[in-house]
Amino acid sequence: MTASKRIVLSSDHAAIELRQAVANHVAAKGWEVVDIGPKTPESTHYPIHGKAAAQAVASGDCQMGIILCGTGQGIMMAANKVPGIRCGVCSDAFSARMIREHNNANMLSIGARVVGEGQALDIVDAFLDAEFEGGRHATRVDMIEGQDG
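Remember, predicted model here, so these are calculated numbers, not experimental data.

Visitor: Is there a simple way to think about the overall build of the protein in this case?
Guide: Each helix and strand counted, the protein has 6 helices and 5 strands in total. The N-to-C order of helical and strand elements in the protein reads β-α-β-α-β-α-β-α-β-α-α. Scaling as 2.2 N^0.38, a compact globule of 149 residues should have a C-alpha radius of gyration of about 15 Å, and the protein matches this with 14 Å. By its C-alpha atoms, the protein is 45 × 30 × 25 Å across when sized along the principal axes. Across the 149 residues that make up the protein, the buried fraction comes to 48%. Considering only residue pairs separated by 6 or more positions, the protein has 70% of its internal contacts joining residues 24 or more positions apart.

Visitor: In this structure, what is going on with the pattern of salt bridges? I would like to understand it.
Guide: Close approach of charged atoms allows side chains with opposite charge to pair. Enumeration over the complete set of coordinates arrives at 7 salt bridges. The shortest N-O distance in the salt bridge between Glu 32 and Arg 6 comes to 2.6 Å. In this pair, Glu 32 sits in strand 2 (residues 32-35) while Arg 6 sits in strand 1 (residues 6-11), placing the two residues 26 residues apart along the sequence. By relative accessible area, Glu 32 is classed as partly exposed at 38%. With a shortest N-O distance of 3.8 Å, Lys 39 and Asp 35 are connected by a salt bridge. Given a relative accessible area of 25%, Asp 35 falls into the partly exposed group. Because the salt bridges share partners, they merge into one network encompassing Arg 6, Glu 32 and Asp 61.

Basis of the calculations
Residues numbered from 1 in each chain as written. Predicted model: local features only at pLDDT ≥ 70, side-chain atom pairs only at ≥ 80, totals over all residues. Heavy atoms only, no water. Helix = DSSP H or I, 4+ residues; strand = E, 2+ residues; numbered from the N terminus. Rg over C-alpha atoms; globule rule 2.2 N^0.38 Å. Buried < 20%, exposed > 50% of the residue type's maximum accessible area, 1.4 Å probe, protein only. Contact = heavy atoms within 4.5 Å. Salt bridge = Lys/Arg side-chain N within 4 Å of Asp/Glu carboxyl O.

Laid out in structure tokens, this is it:
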């Protein structure tokens, strides 16, 4: 990770409040937060927001991304369509740590209708505090990226 830790956050309308809580939490941890919205509660389409956040990570503008929708599933699927993105949806801290340590995930997805704020912040901490272990896991990440196997 570079000295300037930039993280992109986005959501659909179902997760605006939780996204804002996550943004404040991440900023307090020293990250520069790039919150690309939405800002208003009108119904919006999660694929647009998942793709936009994923493009910010894939381009290198941001090192990491956190995206949210009702379940976390749909926005995660949209993000994973962008080459170079490895995003997992997590509803517990163990899974969030493991997607970083074993899968070198560069994005995290959370379901705002699945977890409460306290648990969401624990999930974010586990994701951001973990580091990729490399080794045998690097071979598997290469396979995910289509570089081997």
